[in-house]
Amino acid sequence: MNRTVTLDEFIIQRQKDFPYASGELTGLLRDIGVAAKIVNREVNKAGLVNILGVSGAENKTGDTVQKLDIFANDKLIDCLKNSGECCGIASEENETFIPIPSIESKNAKYVVVFDPLDGSSNIDVNVSVGTIFGIYRRKSDSKGECQLEDFLQKGTELVAAGYVIYGTSTILVYSTGRGVNGFTLDPSIGEFCLSHRDIKIPDRGNYYSVNQGYYLKFDIEMRRYIDYCSDLNLRLRYIGSMVSDIHRILLQGGIFLYPNTRKYPLGKLRLIYECNPLGFIVEQAGGKAITCQLERILELEPKELHQRATIAIGSPAMVDEMKAFVERYSVPSVTNNGVS
Ligand code: P6P
């Protein structure tokens, strides 16, 4: 019987592996774990208290914001503000980044980006939702407040990234660039316990995950690839919660796609706090994450906080096959003066 290893123990143990680590990142990861427990408590009783339904507010992207979104956003911000290890925050729910001006935090090394409750349209129908986070080392002068440049960093600069799924069980999955580990919340002791050690994504899998409803709106090369998946009798699994769809693929293999459509010509999903953190995790587990235009997600240079990206992410052999379809079937777009 393996001994229970809690998230806190694991993080502290891993800090010993970094001889020069001074504990700030450890503290930050533990604070995110605390915020996840608080959000989990409210998500699990959302149907019982007046937290369901729509707050009426709209976020930066014009999406209607659920009350639980606001709760999760507030709790994450509170925990990070009090941690003293974070000098700034960027959230899907806030139009601009949030400097943390307290004396000790202003000189903190790290900034945190997050989507506090991804897939929130599923909240009222009891389908799993998730938190996605990424941690960067600040680039701006540590004597002053954080700057926008601290958040507009490529995914390759991530120091750590992870997600929490609030589902049949609550699981926190994270990486600091040395592999991927998953922790399941044990409500009886209120601790995240190591349950998925050193996750490695299968080279290929039986699942593909895409919103089939947009099929006719995809470019021909994506339609050809989706037809190929269907011809292989792969199983379509898509619940409209990116974290959950990708978690399945991380554990069992497969590919998740959100291509460009007429409504979202640059893709729908957010680069900085959705695609980059999940791309970091999947690459750390041996998978791949590219845009539908074949650029590596983590190499994209962010130009603005809520920038969107197309994405194909998952098992390496399947992402490579999708790449081959794009190379073979994509039709260069025609501009006024000819082919671009
Ligand atoms: P669609 C949820 O709103 C989200 O941001 C992701 O979690 C999810 O994968 C996607 O959007 C679903 O979008 O257009 O298929 O409903």
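What you are looking at is a predicted structure, and each value in this text was computed from that prediction instead of being measured.

**Student:** Would you mind going over the packing of aromatic side chains in detail, with residue names and values included?
**Tutor:** Tallying each qualifying case throughout the model produces eleven aromatic pairs. Aromatic pair tyrosine 238 and phenylalanine 256: ring centres 6.2 Å apart, planes at 15°, arrangement stacked. With tyrosine 238 in the loop between strand S12 (235-236) and helix H6 (242-252) and phenylalanine 256 in strand S13 (residues 255-258), the pair connects residues that are 18 residues apart, well separated along the chain. Judged by relative accessible area, tyrosine 238 falls into the partly exposed class, the value being 28%. Here a set of aromatic residues connected by ring pairs shows up, and it is made of Tyr225, Tyr228, Phe325 and Tyr329. The ring centre of tyrosine 207 lies 5.6 Å from the NZ or CZ of arginine 248, which sits over that ring.

**Student:** For the pattern of salt bridges, give the residues involved together with the corresponding values.
**Tutor:** On inspection of all chains with the given rule, the structure shows 14 salt bridges. With its nearest N and O atoms 3.7 Å apart, the salt bridge here joins lysine 200 to aspartate 198. With a relative accessible area of 42%, aspartate 198 lands in the partly exposed category.

**Student:** Any details on the nonpolar core? Residues and values, ideally.
**Tutor:** Counting residues in hydrophobic clusters, the biggest one holds 45 residues, and the most contacted among them are Phe256 and Ile311. For this core, the element with the highest residue contribution is helix H7 (residues 271-284), accounting for eight residues. Excluding its chain neighbours within four sequence positions, the residues that come into contact with isoleucine 311 are Met242, Phe256, Leu257, Tyr258, Leu269, Cys275, Ile290, Thr291, Cys292 and Ile297. Counting 41 residues, the second-largest nonpolar core is a separate cluster that includes Ile11, Ala35, Leu68 and Ile98.

Criteria and thresholds
- Residues numbered from 1 in each chain as written.
- Predicted model: local features only at pLDDT ≥ 70, side-chain atom pairs only at ≥ 80, totals over all residues.
- Heavy atoms only, no water.
- Phe/Tyr/Trp six-rings, centres within 6.5 Å; stacked < 30°, edge-to-face > 60°.
- Helix = DSSP H or I, 4+ residues; strand = E, 2+ residues; numbered from the N terminus.
- Buried < 20%, exposed > 50% of the residue type's maximum accessible area, 1.4 Å probe, protein only.
- Lys NZ or Arg CZ within 6 Å of the ring centre and 35° of its normal.
- Salt bridge = Lys/Arg side-chain N within 4 Å of Asp/Glu carboxyl O.
- Core = buried A, V, L, I, M, F, W, Y, C linked by side-chain atoms within 4.5 Å.
- Contact = heavy atoms within 4.5 Å.

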